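Notes for the structure review
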Amino acid sequence: MESSTARITIIGCGYVGLVTGACFADAGYRVRCYDVDAARLRNLAAGRLPIFEPGLAELVSRNLPQKGLSFVDEMGRALEDAQFVFLCLPTPQGENGETDLRALQDGVARIAPLLPKEALLVIKSTLPVGQGDAIEAQLRAARPDWEGEVVSNPEFLTEGTAVADFQKPARVVVGAAGAAAADAVASLYEPFVRTGSPILRVSRRSAEIAKYAANYALATRISMMNELAALSEKLGANIDDVRRIVGADSRIGPRYLFAGAGFGGSCLPKDLASLRLQAGSLKLPMASAVLEVNESQRERIARKLRALLDRPLKDARVALWGLSFKPETDDVREAPAVYLADYLLKQGARVVAFDPKVDSLDRAGLGGGLELATGAYAACEGAHALAVMTEWNLFRKPDFARVREAMSNPAVLDARNLYDPEAMRSLGFAYECVGARG
Ligand code: UDX
């Protein structure tokens, strides 16, 4: 008897594809994953992951072949008899802020001749609104016999908690023209919404724009708080107190209101820039302001650091704690720490960083003279300032006597507001944080 298990093919074994594939396999579906990078597939088949994401390695190992997850280096074999083909290809930001669609278009062109006649093509990659229509037209032209549909199913995963986000989503969005296609994709998510999270069936374009809208809303909260942090500093208030008061209002809520080093990562900056371009003559002045405030925040952080130093930047050694754009990931894309490091290096400073998960500058694509230390205290050796750029747990309660001992000039820039300003000053540090008068 033919198995009734859903047959899924994942195209693209990056962060989204791997989380999606592993979670679907764990729900009992047969999942084949394909990537153009054959070495990546070999590593994955041996349980070695290209990224760090909590819980993902365990999930992949647990679901390797005998449990229905496999990594296949031949596209034809990966697609054979698939009912659902999930496109999880990267759509990075191009040089002028536009979405670079080359990997995606190349993927679609290669899939077209091999796509099973009834398979649904499900798009997880974030795409400019209307691209789903273009892809469907391209497939229909290439394959007049194809009876499937293109469905938009955006991901809302947050790095660091992606597995939990997938397994307990706040909502699932399915954008499709046909009810049968929408039902089929929605049914894949039933094991994950048993606590009642909604599966929202909408038009493809609404699904596409909703992904941008969610990131726009999140980025807006952060820029608003960073702007208020600057104002609090100027007027002698403390942004952390302001945050607790504002967040206690249930209409606003306490999450995602932390002032800091500005937002980074692979989604927020890129999606806002893309949305502005898509808006064309509408311009989206608010989105522009959100990006502008983020840029200023990065500059403010750099100015704060410079002010803490006891010498010109060209003669200074600066320690950085944290390189990733947030804790629990090794992703350094658009990371505030990388911006600061670049700025400092350009000014002639020596920069020595420590990050618990970024253990190779080459692998992270970082160069330009940045140095990596083997530990948090080693990074501080001889430093004239320490900038705490990522709120890893490891940095929350360090041995400050050891830090001070190691440094040549005891000065700390706390870009994530982890420490108590009074306590830091009584320990003998020159100290700056975000949103409270120094
Ligand atoms: C984000 C969205 O949360 C997710 O839903 C979407 O699918 C992809 O983009 P991610 O980029 O993984 O996820 O990280 P997130 O936790 O949202 O943080 C983004 C940036 O905002 C980080 O640089 C973080 O440090 C910063 N941030 C976040 C703040 O500065 N303050 C906050 O209160 C929250």
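Structure shown above.
Below or above, wherever it landed, is the structure these notes cover. These figures come from a predicted structure and were not determined experimentally.

The next point concerns the site of the ligand. In the neighbourhood of the ligand, 20 residues make up the surrounding shell, with Glu-159, Tyr-256, Phe-258, Lys-326 and Arg-416 lying closest. One of the side-chain nitrogen or oxygen atoms of Tyr-256 is found 2.3 Å away from an oxygen atom of the ligand. Backbone polar atom of Gly-264 to an oxygen atom of the ligand: 2.9 Å apart, as the coordinates give it. Relative to its free-state accessible area of 670 Å², the ligand is covered by the protein chains to the extent of 92%.

Our next topic: empty space enclosed by the protein. This structure, assessed with the given rule, holds two cavities of 30 Å³ or more. The space that makes up the largest cavity amounts to roughly 80 Å³. The wall of the largest cavity is formed by Ile-123, Ser-125, Thr-126, Leu-127, Ser-152, Pro-154, Ala-207, Glu-208 and Lys-211. Tallied by class, residues from the lining of the largest cavity come to four nonpolar, three polar and two charged. The space that makes up the second largest cavity amounts to roughly 40 Å³. Every residue along the wall of the second largest cavity is listed here: Ile-239, Asp-240, Arg-243, Leu-257, Phe-258, Ala-259 and Asn-417. Classifying every residue of the lining of the second largest cavity by side-chain character gives four nonpolar, one polar and two charged.

The strand order S11-S10-S9-S12-S13-S14 describes an open sheet built from six strands, whose pairing is parallel. This sheet does not close on itself; its edge strands, each paired only once, are strand S11 (371-372) and strand S14 (430-432). Of the pairings in the sheet, the one linking strand S12 (residues 385-388) to strand S13 (residues 411-414) comprises three bridges and is parallel in character. The partner of Val-388 across the bridge, within S13, is Asp-414. The strands touched by helix H12 (residues 285-308) within the sheet are strand S9 (317-321), S12, S13 and S14, with S13 carrying the most contacts at an inclination of about 170 degrees. Helix-sheet contacts for helix H13 (residues 336-346) involve S9, strand S10 (350-354) and S12, and the interaxial angle to S9 is about 170 degrees.

By the secondary structure assignment, Glu-292 is in helix H12. Using a relative accessible area of 57% as the deciding quantity, one classes Glu-292 as exposed. Note: C-alpha distance between Glu-292 and Gly-17 (275 residues apart in sequence) is 32 Å.

For the rest of this paragraph, the subject is the environment of Trp-146. With respect to the helices and strands, Trp-146 occurs in the loop between helix H6 (131-142) and strand S6 (150-152). Here the alpha-carbon distance between Trp-146 and Lys-117, two residues 29 residues apart in the chain, equals 4.7 Å. Dropping the residues within four chain positions of it, Trp-146 is found in contact with Leu-115, Pro-116, Lys-117, Ala-119, Leu-121, Glu-136, Leu-139 and Arg-140. Only 3.0 Å separates the side chain of Trp-146 from the backbone oxygen of Ala-119, close enough to count as a polar contact.

How each quantity is defined
- Residues numbered from 1 in each chain as written.
- Predicted model: local features only at pLDDT ≥ 70, side-chain atom pairs only at ≥ 80, totals over all residues.
- Heavy atoms only, no water.
- Near = heavy atom within 4 Å.
- Polar contact = N/O pair within 3.5 Å; in protein donor to acceptor, adjacent residues only side chain to side chain.
- Areas by Shrake-Rupley, 256 points an atom, 1.4 Å probe, with all protein chains shown as cover.
- 1 Å grid on protein atoms, 1.4 Å probe; cavity = no way out; pocket = protein on both sides within 12 Å on 5 of 7 lines; lining within 4 Å.
- Points joined across faces, edges and corners; volume = space filled by probe spheres on them.
- Nonpolar A, V, L, I, M, F, W, Y, C, P; charged D, E, K, R; others polar.
- Pairing = 2+ DSSP bridges.
- Helix = DSSP H or I, 4+ residues; strand = E, 2+ residues; numbered from the N terminus.
- Contact = heavy atoms within 4.5 Å.
- Axes fitted to C-alpha atoms, helices over the stretch in contact; angles between N-to-C directions.
- Buried < 20%, exposed > 50% of the residue type's maximum accessible area, 1.4 Å probe, protein only.

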